Amino acid sequence: MSSAGNIVMVGCFDTKGEDFGYLYTCLVQLGVNVITINTGIMGSTNLFPVHIEAEIVALKASTTLTGIRDINDRGNAIEVMGNGAATIIEDLFVQNKVNAIIGMGGGGGTFIAIKAMQALPFGFPKLCISTLATKDLSTHIGSKDILLMPSIVDVAGLNSISKVIMRQGASAIVGMMQASVQSDIRPNRSIAISVFGNTTICADKCTEILKEKKYEILAFHSVGVGGRTMEGLTRDGCFDAVLDITTTELADELCGGICSAGPKRLTAASDMGIPQVVVPGCLDMVNFGPLDTVPEKFKVRQLYSWAPDVTLMRTNAEENRTLGKIIAEKLNVSKAPVIVLLPMGGLSQIGGEGEVFYNPAIDLELFNSIKEHINRNIKIVEVQSNINTEEFAIHAVNSLLEII
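Cut-offs used in this document
- Residues numbered from 1 in each chain as written.
- Predicted model: local features only at pLDDT ≥ 70, side-chain atom pairs only at ≥ 80, totals over all residues.
- Heavy atoms only, no water.
- Axes fitted to C-alpha atoms, helices over the stretch in contact; angles between N-to-C directions.
- Helix = DSSP H or I, 4+ residues; strand = E, 2+ residues; numbered from the N terminus.
- Parallel < 35°, antiparallel > 145°, perpendicular 65-115°, else oblique.
- Left-handed = near helix turned anticlockwise from the far one by under 90°.
- Contact = heavy atoms within 4.5 Å.
- Nonpolar A, V, L, I, M, F, W, Y, C, P; charged D, E, K, R; others polar.
- Buried < 20%, exposed > 50% of the residue type's maximum accessible area, 1.4 Å probe, protein only.
- Pairing = 2+ DSSP bridges.
- Salt bridge = Lys/Arg side-chain N within 4 Å of Asp/Glu carboxyl O.
- Core = buried A, V, L, I, M, F, W, Y, C linked by side-chain atoms within 4.5 Å.
- Polar contact = N/O pair within 3.5 Å; in protein donor to acceptor, adjacent residues only side chain to side chain.

## Quick look at the packing of helix 8 (residues 200–212) against helix 14 (residues 390–403)
Their axes nearest at 9 Å, the elements helix 8 and helix 14 cross at an angle of 50 degrees. By the criterion of interaxial angle, the relationship of helix 8 to helix 14 is oblique. In this structure, the crossing between helix 8 and helix 14 has a hand that is right-handed. Every residue of helix 14 that contacts helix 8 at Cys202, Lys205, Cys206, Ile209 and Leu210 is listed here: Glu390, Phe392, Ala393, Ile394, Ala396, Val397, Leu400 and Leu401. Residues of the contact of helix 8 with helix 14, tallied by class, amount to eleven nonpolar, no polar and two charged.

Written out as structure tokens, the structure reads:
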């Protein structure tokens, strides 16, 4: 390894060789060692050293360049080469051979670079110079800390503007590498907590108590991206424990709401062996947009306008039985201690006694389903209060401290 650090440069050298040649020169002039990975399926370049050619990238994705060309599907090529590059980059990271990554491209090149960068953890410097940088790429970036830099002009040959962007991009990734926070990510005494408008009182009280005990608390808003980010950072080893107060995203995943965090929600802590306290917070609701956006099949259900742009639907007995089974199955594989807390007085602010979503009979369907399907070694505690009470927050904190 270079004493100044190793930077991976990934991109399609078949069609963008001149551009990457200039970026390579900029990086080398800054005193770093550059490891180059070609993801272009139609050839390569001799303008700079290519350390890992596209054929190797394709093989890492269990295929060949010939096979990719024969299929003649651009979307397939992007997916395959992105996966292959991700595998190579992950191997280099595990072997401590890389310190940062930079990519560059138009549509295809951007998506390949972003896919490759997904293999790297939070805090590892990632930068992509892209023609798509001003578009919404949140679905593709997910919870990763990937920096997008607008290319301003197309990545299609050098000119006075593209040279400035590439020089600045090279300087930016070197600066990010030198300021890398990997050594500062210390999971000890760091706790993730999930929160929602309807569980804010509980989450705030838990945070207050834990901060008094000198824990670092990182809150994630359970609106889809929040849950995905919490899961991603948990897999990156950023937390000592998880206090999952608000698992409402599971209901949105089940019913097609707008706050789904995807099928992997509530899996990271179990997979990584991190202690967790789990609460079925806000599983009494599914989130939709304005009333006229609620799917037709749900318009006969109990609906509540939380805000002009948010319509909540009360979950029913059948959905709660399903959600209980889903929660249990996800937690049953945990490699670390788990405690499940059941707020018998309601799952949310509007699910409390006298409130619009108050329905203890439906809540009981959820609780009984969890109990029916959960492993016996997982502790379940019934708390005789609403989730948004000081009493419940104290139970949550004490349960977490019990298993850390």
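Having seen the model, we can carry on.
## Details of unusual backbone geometry
Here the phi dihedral of Ile152 falls at roughly 65 degrees; this positive angle occurs in a residue that is not glycine. By secondary structure assignment, the location of Ile152 is in the loop between strand 5 (147–150) and helix 7 (160–178). Its identity is not glycine, yet Lys214 carries a phi of approximately 70 degrees, on the positive side. Tracing the backbone through its elements, the reader meets Lys214 in the loop between helix 8 and strand 7 (216–221). Look at Lys214 and you get exposed, because its relative accessible area is 67%.

## Topic: the sheet that holds strand 4 (residues 126–130)
Overall, parallel pairing links the five strands, which are arranged 2-1-3-4-5 in an open sheet. If you trace the sheet from one side to the other, it starts and ends with strand 2 (33–38) and strand 5, each paired once. Each neighbouring strand pair of the sheet contributes to a mean axis angle of 20 degrees, computed without reference to strand direction. Docked against the sheet, helix 1 (residues 17–29) engages strand 1 (6–11), strand 2 and strand 3 (100–105), running at close to 175 degrees with respect to strand 1. Across the sheet, helix 7 touches strand 1, strand 3, strand 4 and strand 5, and the angle it forms with strand 4 is around 170 degrees.

## Examining the pattern of salt bridges
Two side chains that carry opposite charge are able to pair once their charged atoms sit near each other. For the structure shown, the criterion picks out 16 salt bridges. Residue Lys144 pairs with Asp236 through a salt bridge whose shortest N-O separation is 3.7 Å. Taken together, the positions of Lys144 in the loop between helix 6 (138–141) and strand 5 and Asp236 in the loop between helix 9 (225–235) and strand 8 (241–244) put the pair 92 residues apart, joining distant regions of the chain. Residue classification places Lys144 among the buried residues on the basis of a relative accessible area of 16%. Under the relative-accessibility criterion, Asp236 is labelled partly exposed at 26%. In this structure, Arg265 engages Asp244 in a salt bridge whose closest nitrogen and oxygen atoms are separated by 2.8 Å.

## Quick look at the nonpolar core
By size, the foremost hydrophobic cluster in this structure holds 36 residues, and its most contacted members are Val8, Ile37, Ile68, Met81, Ile101 and Leu148. Looking at this core, the elements with two or more residues in it are strand 1, strand 2, helix 2 (54–60), helix 3 (65–71), helix 4 (74–94) and helix 5 (107–117). It is helix 4 that contributes the most residues to this core, eight residues altogether. Within the second largest apolar cluster, 26 residues are counted, among which are Val195, Val279, Val383 and Val397.

## Considerations on the side chain of Thr246
Checked against the element boundaries, Thr246 lands in the loop between strand 8 and helix 10 (249–255). Here Thr246 falls in the buried class, since its relative accessible area comes to 0%. Only 2.7 Å separates the side chain of Thr246 from the side chain of Thr199, close enough to count as a polar contact. Beyond its immediate sequence surroundings of up to four residues, Thr246 is in contact with Ser194, Val195, Phe196, Thr199, Ser222, Arg265, Val279, Gly281 and Cys282.

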